[in-house]
Structures are given as C-alpha cells and as structure tokens.
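Notes for the structure review
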Amino acid sequence: MHIIKVDAIDSTNTFLKDLNREKNLVTSVCVTANEQKAGKGQMGTVWQSNYAENLTCSVFIPVEGLKLEDQFFVSIVTSLAICDTLKNLLIPKISIKWPNDILSDRLKICGVLIENLVKNGRLSGAIIGIGLNINQIKFDNLPQAGSLKLVSGQNFNIEEVLNLLLKNIENGFSKLNPLNFKYLRDEYHSLLFRKNKPSTFLDTEGNSFVGIIQAITNEGKLQVLLEDEILEDYDLKEIKLLY
C-alpha cells in the first residue's frame, strides 16, 4: 500500500477525500500524520491525540461493487482488522463497542470514522479514518480513554503497528464479498461489547432504558431485546450505549 507521511494536517480523512477528487484513486493509499489539528470522530466529535504518541491515519481502499445496503460490512471488516492487529500485539480483553469503537476491557483505545464513496448506486471505495492510542498515557477529561501502553505497560513502535494494521486491513477487505457475510457477522458478534448482558442505553431525548444486545443487522443496526420480549432495531443516531 502506498503510504503518505505528513507531520501536521487538519484531517487525514479530508486530505484523502481531496486527493481522491484530484486523482480518482483506484489503488489503496494511506496517509498518516504525527498531528491532526482537526481530527474527526463519530457524530462530529473531535479526536484527542498528543503529538507523535499515537497512530492517526486514514486509508483509501477500493471496494468492488458492494451494494449500498451492505455498506456496514466495510465497518465490520475494518473493526475485525483492528482487533486482529491488537491480538497480534497481545493486547488483552479486546471488544468492539457498536458500531466500531475498539476497547481493551472497558477502555476505548481506537476510534474509527468511515466515509463510503458511491458510484452508479454502488460502493466504489471507502475512506477509513483510524485513531489508535498507542503511547499516550494522559487524556484530558476522557475517563474511558486508554492506550496500548496503558493496558500493556510497554512502549510500541508506531511505524510497526501501522504496517501490521495495513496488512490486516488489506487482508480483511480481500474477504469483503457476500459469500463471507455470515462469517464476518459471526466474527463481529463474537467481539461485540455487552452482547447478551443487560445494559443501559440513552435515547435521542436523553431518557435511559435497559435492554440486552442480541445482534447487529446486515444494515448495521443494533438489535436490542427490551421488556416484554420486544426486539427493537436501532441505528447510530437513535441510541447510545452507556458503559
């Protein structure tokens, strides 16, 4: 994979989107930065990262003819690739907090922001922003944040982690076809945080309720078992899982 390294940048995702508009990318490209001045998280949040202590990167990867209704599988293979990387690094108690936060025990060590690209009504590619906390040990007002160093007690070579991650991402995307959808969902379910456990959620109006995560749908909605054996599907904007 072609890798572009920069020192400081507003957003690696924005950089890749602009590059794709200029060059019409057809092969995988990664851009990595020591510092992101406007790194993006899910739902408009900002990703906090100390200079040169973590891995902040975005990957453009072509996607062949995936239907729009199956686009959550991009998130699935990305999450699994990150988890495989962390397993390779012997990071303990890895799980995926829906839709694609990666935890070690209950600490968030990686966030993902995916922007899918559409052509002629089908997916043509994806820009995947990844913020992986590696050697940072202090996080301002983020009690649930962690890093590889915090959970393992050791320093890591960021470049080596990047190379391993990119290898796993390319391997994961090579499996991205409908024949593997059931296998990929099963793998995701095996790592799904709080699956089959009573958990507390917030709805859009800030009301809390208890439910039990059962699964995710092919479209990426979270299936939650509520009182009276009611099974409800929620998308990302409708529900928030509390720790």
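Residues numbered from 1 in each chain as written. Predicted model: local features only at pLDDT ≥ 70, side-chain atom pairs only at ≥ 80, totals over all residues. Heavy atoms only, no water.

**Regarding the sheet that holds strand 1 (residues 2-9)**
The condition is simple: The pairing criterion is simple: DSSP has to find at least two bridges between the two strands. Put simply, DSSP marks the helices as runs of H or I at least four residues long and the strands as runs of E at least two long, and each gets a number from the N terminus on. Orientation is described by axes fitted as lines to C-alpha atoms, over the contacting stretch for helices, and by angles from 0 to 180 degrees between their N-to-C directions.
The seven strands are arranged 1-2-3-7-6-5-4 in an open sheet whose pairing can be described as mixed. Both edges of this open sheet fall to strand 1 and strand 4 (94-97), since each of them pairs with a single strand only. The average undirected angle you get between the axes of adjacent strands in this sheet is 25 degrees.

**Re a negative patch on the surface**
Condition: What makes a patch is a set of residues exposed beyond 30% relative accessible area and free of salt bridges, joined within 9 Å when like-charged and within 5 Å when nonpolar (Val, Leu, Ile, Met, Phe, Trp, Tyr). Surface accessibility follows the Shrake-Rupley procedure with a 1.4 Å probe radius. Residue values consider only the protein chains on display as shielding. Just to be clear on terms, a salt bridge is a Lys or Arg side-chain nitrogen sitting within 4 Å of an Asp or Glu carboxyl oxygen. When charges are counted, neither His nor the chain ends are considered; positive counts come from Lys and Arg and negative counts from Asp and Glu. To locate a charge, the coordinates of NZ of Lys, CZ of Arg, CG of Asp or CD of Glu are taken.
Where like charges cluster on the molecular surface, the negative patch consists of E69, E219, E232, D233 and E238. Secondary-structure assignment places D233 in strand 11 (residues 231-234).

**Re the nonpolar core**
Grouped burial of nonpolar side chains is what soluble globular proteins tend to show. Operational definition: Residues enter a nonpolar core if they are buried and are Ala, Val, Leu, Ile, Met, Phe, Trp, Tyr or Cys, with the set joined through side-chain atoms within 4.5 Å. Burial classification: accessible surface area is computed with a 1.4 Å probe over protein chains only, and a residue below 20% of its type maximum counts as buried, one above 50% as exposed, and the rest as partly exposed.
Counting residues in hydrophobic clusters, the biggest one holds 59 residues, and the most contacted among them are L86, I130, L132, L148, F173 and L176. Here the element with the most residues in this core is helix 2 (residues 72-88); it accounts for 10 residues. In terms of nonpolar packing, the next biggest core, distinct from the first, is built from eight residues, L16, L19, L25 and V31 among them.

**Points about helix 5 (residues 181-190)**
Since one α-helical turn is 3.6 residues long, residues separated by three or four positions face the same way. Quick note on the threshold: What the arc covers is the set of directions going from the helix axis to the C-beta atoms. The contact rule is simple, with two residues in contact once any of their heavy atoms fall within 4.5 Å.
Looking only at helix 5, the buried set comprises F181, L184, Y188 and H189. Here the buried residues of helix 5 occupy an arc of 135 degrees about the axis, which is enough to place them on one side. More than 90 degrees from the buried face of helix 5, the exposed residues found are K182 and S190. Where helix 5 is buried, its residues contact strand 3 (55-67), helix 2, strand 4 and strand 9 (208-216).

**Describing the side chain of N13**
Operational definition: Within 3.5 Å is the distance limit for a polar contact, defined as a pair of N or O atoms, with the added protein rule that one can donate a hydrogen and the other accept it, and that residues adjacent in sequence qualify only through two side-chain atoms.
Mapping N13 onto the fold places it in helix 1 (residues 12-23). Residue N13 is classed as buried on the basis of its relative accessible area of 3%. A distance of 3.2 Å separates a polar side-chain atom of N13 from the backbone nitrogen of G129. Once you skip the residues sitting within four places of it in the chain, N13 turns out to touch S58, L113, E115, I127, I128 and G129.

**Focus on the packing of helix 2 against helix 5**
Test applied: Any angle from 65 to 115 degrees is called roughly perpendicular, while one under 35 is roughly parallel, one over 145 is roughly antiparallel, and all others are oblique. Helix crossings are classified by the rotation of the near helix relative to the far one: an anticlockwise turn of less than a right angle makes the crossing left-handed, while a clockwise turn makes it right-handed. Residue type decides the class: Asp, Glu, Lys and Arg count as charged, Ala, Val, Leu, Ile, Met, Phe, Trp, Tyr, Cys and Pro as nonpolar, and the leftover types, Gly among them, as polar.
Taken N-terminus to C-terminus, the directions of helix 2 and helix 5 make an angle of 55 degrees; their axes are 10 Å apart at the nearest point. Classified by the angle between their axes, helix 2 and helix 5 sit oblique to one another. With respect to the hand of their crossing, helix 2 and helix 5 are arranged in left-handed fashion. Across from F72, F73, I76, V77, S79 and L80 in helix 2, the residues of helix 5 making contact are F181, L184, R185, E187 and Y188. Broken down by class, the residue content of the contact of helix 2 with helix 5 amounts to eight nonpolar, one polar and two charged.

**Thoughts on the pairing of strand 11**
Two elements, strand 10 (residues 222-225) and strand 11, share four bridges in a ladder whose sense is antiparallel. What sits directly across from L222, in strand 11, is Y234. Hairpin connection from strand 10 to strand 11: five residues lie between these consecutive antiparallel strands, with D228 at a positive phi of about 65 degrees.

**As for the environment of G211**
Tracing the backbone through its elements, the reader meets G211 in strand 9. For G211 and A126, which are 85 residues apart along the polypeptide, the C-alpha to C-alpha distance reads 32 Å. Beyond its immediate sequence surroundings of up to four residues, G211 is in contact with K197, P198, S199, F201, V224, L225 and L226.

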